[in-house]
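Structural overview for review
Residues per chain, in single letters:
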Amino acid sequence: MKISKKVQQMPPSGIREFFDLVIGMKDVISLGVGEPDFSTPWNICESSIFSIEKGYTSYTSNKGLYELRLGISRYLKHKHGISYDPEREILVTTGVSEGLDLALRAIINPGDKVLVPDPSYVSYYPVVFLAGGRPVFVKTKKTSFKLTPELIERHISEGVKAIMFNYPANPTGVSYSKRELIALSKVFIKHNLIVICDEIYGELTYDFKHTPLATLKDMKKQVLYFDGFSKAFAMTGWRVGFCCGPEEVISAMTKIHQYTMLCAPIMGQMAGMEALKSHTQGHVIEMKREYKRRRGFIVGRLNELGLSCPMPEGAFYVFPSIEKTGMDSVGFAKKLLKEEKVAVVPGTAFGSEGNGHIRISYASKMSDLKEAGLRMERFLVKYARG
Ligand SMILES: Cc1ncc(COP(=O)(O)O)c(C=O)c1O
């Protein structure tokens, strides 16, 4: 069968491609996949099991269960003081992944340009490309992997309609203070950019309070605010996330969603309702405390090994430089896997600016992080230069 030209042009995910190499290898420590090592808190699992027992196994409203949308609305109001109408301004999706795809398809006309930070999460470029948009890469290595107002200004040209924005960021762990966000918001407003704002790691911000972009002055009307349950609640497999935004965009996204997905799985939605209840917060805080402890360990260890690694503000990734080895990212990651059986992701999986870096996920057991540190030490004795 003939595959569409667009899909043929699209490279496979650099993460999956790399992790295919790991399959079948024994004794590998995987610090690769961006997935919590914790199980979903039991009260969440139990409430979903209970709802199945009660017969909740059907489709839901396309937009998602009203009770869940109401829960999301109340949660955001309570946590961040922002109001979204559960009837008109919230769509429950099959993870943030689906939501991002819907958003791009809802707003992009052929040839519209979308700013995509380099490096950034692996799906950003493909969703822009598949929606018919033209990705314009914004290289961030020289600004310590941060977007700045000047950097964005430099990439504005005729036809730029939107920007992909993610903080805390995958793969770098970089986040932004409120002051930095205010400075960025001025450029977004000046150029009337739609901000596809992926805040899925917002809860996992360690040293200051996460500020959703939409809460800033005059921002709500041009922000599509994405969050979900996968990361902070350790619920990757339940496939449930949400998007909040202006009614006209949510309604356009719902139109696509109703034909392509119908609704997010009801089991995941039921679980999401439980996750938002206040008594789940204790579990989230506990997981966050553990991630923070691991962050301190891994950053300290990598710097000790001579791999320069700044302290990331959030998510559960570090993005150290491997430049002193003289290897490129893919070469380093392949050799490390082959010789020491430690799996990390080459920085180039997230864009060309990621070269000279690797992504390590510390959503892995402390004992694995310690063992990986020893193996990397052995590896670097062989390959570190200077
Ligand atoms: C930045 C970012 N956005 C979205 C996702 C996907 O989230 P979900 O599981 O809600 O589809 C991930 C998963 O790794 C991610 O890192």
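Residues numbered from 1 in each chain as written. Predicted model: local features only at pLDDT ≥ 70, side-chain atom pairs only at ≥ 80, totals over all residues.

With that out of the way, let us pick up the overall build of the protein chain. In terms of regular secondary structure, the protein chain is built from 13 helices and 12 strands. Computed over the C-alpha atoms, the radius of gyration of the protein chain is 21 Å, within 12% of the 21 Å expected from 2.2 N^0.38 for a compact globule of 386 residues. Here the protein chain holds 386 residues, and 47% of them are scored as buried. Sequence-distant contacts, at least 24 apart, represent 74% of the contacts inside the protein chain between residues at least 6 apart. (Helix = DSSP H or I, 4+ residues; strand = E, 2+ residues; numbered from the N terminus. Rg over C-alpha atoms; globule rule 2.2 N^0.38 Å. Buried ≥ 20, exposed ≤ 12 C-beta atoms within 10 Å, placed from the backbone. Contact = placed C-beta atoms within 7 Å.)

Turning our attention to the nonpolar core. Within the largest apolar cluster, 107 residues are counted, with the highest numbers of intra-cluster contacts made by Ala103, Val195, Ile196, Leu224 and Cys243. Two domains share this core, each providing at least three of its residues, namely domain 1 (5-40 + 282-379) and domain 2 (56-278). Apart from residues no more than four positions distant in its own chain, Ala103 is found in contact with Ile196, Leu224, Cys243 and Met253. (Core = buried A, V, L, I, M, F, W, Y, C linked by C-beta atoms within 7 Å. Domains from an automatic or database assignment.)

Locating Lys288 in the fold gives a position in helix α11 (residues 281-304). For Lys288, a count of 17 C-beta atoms within 10 Å puts it in the partly exposed group. Sequence separation between Lys288 and Leu31 is 257 residues, and the spatial gap between their C-alpha atoms is 18 Å.

Let us now look at the packing of helix α3 (residues 42-53) against helix α10 (residues 266-275). When two helices pack together, their arrangement is given by the angle between their axes and by how far apart the axes lie. Two numbers describe how α3 lies on α10: the axes approach to 8 Å, and their chain directions differ by 135°. Judged by the angle between their axes, α3 and α10 are oblique. Here α3 runs over α10; the crossing is right-handed. For the pair formed by α3 and α10, the contact residues are Asn43, Ile44, Ser47, Ser48, Ser51 and Ile52 on the first element and Met267, Met270, Ala271, Glu274 and Ala275 on the second. Grouping the constituent residues of the contact of α3 with α10 by class yields 6 nonpolar, 4 polar and 1 charged. (Axes fitted to C-alpha atoms, helices over the stretch in contact; angles between N-to-C directions. Parallel < 35°, antiparallel > 145°, perpendicular 65-115°, else oblique. Left-handed = near helix turned anticlockwise from the far one by under 90°. Nonpolar A, V, L, I, M, F, W, Y, C, P; charged D, E, K, R; others polar.)

Moving on: the domain arrangement of the protein chain. The figure often quoted for interface size is the accessible area lost as the parts come together. You can read the domains of the protein chain as domain 1 (5-40 + 282-379) and domain 2 (56-278). Computed from C-alpha coordinates alone, the two centres of domain 1 and domain 2 are separated by 24 Å. In terms of residues, the side of domain 1 that touches domain 2 owes the most to one element, α11, which gives 6 residues. A breakdown of the residues in the side of domain 1 that touches domain 2 according to their chemical character gives 15 nonpolar, 10 polar and 8 charged.

Turning our eyes to something else, we now look at the site of the ligand. Around the ligand sit 13 residues in total, of which Gly95, Val96, Ser97, Asn170 and Ser230 are the nearest. For the shell around the ligand, the leading source of residues is helix α5 (residues 95-107), giving 3 residues. The class makeup of the residues in the shell around the ligand is 3 nonpolar, 9 polar and 1 charged. (Near = placed C-beta within 6 Å.)

Note on backbone geometry: most residues besides glycine have negative phi, and most peptide bonds are trans. The linkage connecting Tyr167 with the following residue, Pro168, adopts the cis geometry, with an omega of -20°. Considering the arrangement of structural elements, one finds Pro168 in the loop between β5 (160-166) and α8 (178-190). With omega at 20°, the peptide bond leading from Asn170 into Pro171 counts as cis. Mapping Pro171 onto the fold places it in the loop between β5 and α8. A positive phi angle is found at Ala234, which is not glycine, with a value near 55°. Secondary-structure assignment places Ala234 in the loop between β7 (223-228) and β8 (241-244). For Ala234, a count of 22 C-beta atoms within 10 Å corresponds to the buried category. In the Ramachandran plot, Arg239 falls in the positive-phi region, its phi being about 55° despite a non-glycine side chain.

The terminal C-alpha atoms of α11, which comprises 24 residues, lie 35 Å apart, in line with the 34 Å expected from a rise of 1.5 Å per residue. In this fold, the buried residues of α11 make contact with β9 (317-318), β12 (358-361) and α13 (366-383). At the C-terminal side of α11, Gly306 shows a positive phi close to 90°. (Expected span 1.5 Å × (residues − 1).)

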